[in-house]
Amino acid sequence: MSFLFAPQPQAVLPIDGLVNTYFPIHRVYGIARNYSNEKVVSKEKGSPILFQKPADAVIYAPEGETLQLAFPMSTENLQHEIELVVAIGKAGKNIPVEEAMQYVWGYAVGLDLNRRDLFINGHPWDAVKGFDESAPMSALKPISRVPDNEPMALWLYVNNEKRQEGSTGQMIFTVPEIISVLSSLYELKPGDLIMTGTPAGIGKIDRGDILEGGVQGVGVIKVKFGE
Ligand code: MN
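Keep in mind that this is a model prediction, so the values were computed, not measured.

K.L.:
How should I be thinking about the side chain of Arg-115 in this particular structure?
P.N.:
If you trace the backbone, Arg-115 turns up in strand E10 (residues 114-115). One buried charged side chain, Arg-115, makes no salt bridge at all; its nearest oppositely charged neighbour is Asp-117, positioned 6.6 Å away. Ignoring any residue separated from it by four or fewer positions in sequence, one finds Arg-115 in contact with Pro-72, Met-73, Ser-74, Thr-75, Asn-77, Leu-78, Ala-127, Val-128 and Phe-131.

Right, here's the structure in full:
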């Protein structure tokens with residue numbers, strides 16, 4: 001077999017503490033509006049709001065460095081969402097909630113970037129969510145090396161000013177519940193990533209802004225946008 005032209009490179013994320021071994025990305029799923037501002041999360045959940053980003057929308061932000069990103073095309077209202085990213089390590093369909101954590105390989109910190117001004121009456125989601133370099137992420141950390149300290153704190157600073165702060169304990173759909181629901185709609189595969197939603201404080205990013213965010217026990221990322 002030969003290709004008409006060279007295939008694009010496999011999208012990957014590095015693994016924290018491992019040299020030359022990469023996590024090959026299959027799909028990137030996302031959950032929208034998954035954090036409650038209430039201390040007690042309502043059990044009246046309905047259905048989660050799902051979307052996907054292309055695998056190659058993921059761009060690696062090495063810890064201790066500042067990832068330089070061009071300001072995205074066709075937006076004047078770019079917005080930030082700091083998120084816990086779940087990495088799936090084995091295939092499964094119709095996974096029960098009680099078994100879902102067995103499918104989690106590890107975690108990363110992610111920024112779900114949105115071109116919010118491309119929503120017109122709530123549509124379309126693709127151009128808002130799934131553009132190039134719309135998912136900066138840290139290296140993945142195997143779940144065995146993430147401290148067993150759930151719920152985990154999340155935070156995001158823009159130009160050293162705190163914008164987002166929350167805890168994974170505010171998730172409306174928990175990580176096992178998200179895996180269970182997703183696996184009833186799609187066969188999950190090793191290499192899938194799930195962006196699990198963001199706490200309060202989302203806001204606009206301006207040209208030249210520096211974003212620094214993290215998830216407790218998982219990592220931190222730092223991104224600077226072009227002028
Ligand atoms: Mn999001």
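Further notes follow.
K.L.:
Whenever I open this one, the coordination of the manganese ion confuses me. Can you help?
P.N.:
Four donors placed tetrahedrally about a metal ideally form angles of 109.5 degrees, and six donors placed octahedrally ideally form angles of 90 or 180 degrees. Ligation of the manganese ion by protein atoms is provided by Glu-81 (OE), Glu-83 (OE) and Asp-112 (OD), these donors lying 2.0 to 2.1 Å from the ion. Between consecutive donor residues of the manganese ion, the sequence gaps follow E-x1-E-x28-D. Here the residue Glu-83 occupies a position in strand E8 (residues 82-88), and Asp-112 occupies one in the loop between strand E9 (104-111) and E10, the gap between them amounting to 29 residues. Across the pair, Asp-112 and Glu-83 agree in class, each one buried.

K.L.:
Looking at this structure, I do not really get the sheet that holds E10. What am I missing?
P.N.:
Each strand in a sheet pairs with its neighbour through backbone hydrogen bonds, running either in the same direction (parallel) or in the opposite one (antiparallel). The antiparallel open sheet is built from three strands, whose spatial order is E10-E7-E16. The sheet is open, and its two edges are formed by E10 and strand E16 (203-205), each paired on a single side. Two elements, strand E7 (residues 78-80) and E10, share two bridges in a ladder whose sense is antiparallel. From the neighbouring strand, Leu-78 faces E10, where its bridge partner is Arg-115.

Conventions and cut-offs
- Residues numbered from 1 in each chain as written.
- Predicted model: local features only at pLDDT ≥ 70, side-chain atom pairs only at ≥ 80, totals over all residues.
- Heavy atoms only, no water.
- Helix = DSSP H or I, 4+ residues; strand = E, 2+ residues; numbered from the N terminus.
- Buried < 20%, exposed > 50% of the residue type's maximum accessible area, 1.4 Å probe, protein only.
- Lys, Arg positive; Asp, Glu negative; His and termini not counted.
- Salt bridge = Lys/Arg side-chain N within 4 Å of Asp/Glu carboxyl O.
- Contact = heavy atoms within 4.5 Å.
- Donors = N, O, S within 2.8 Å, 3.2 Å for Na, K, Ca; no water.
- Pairing = 2+ DSSP bridges.

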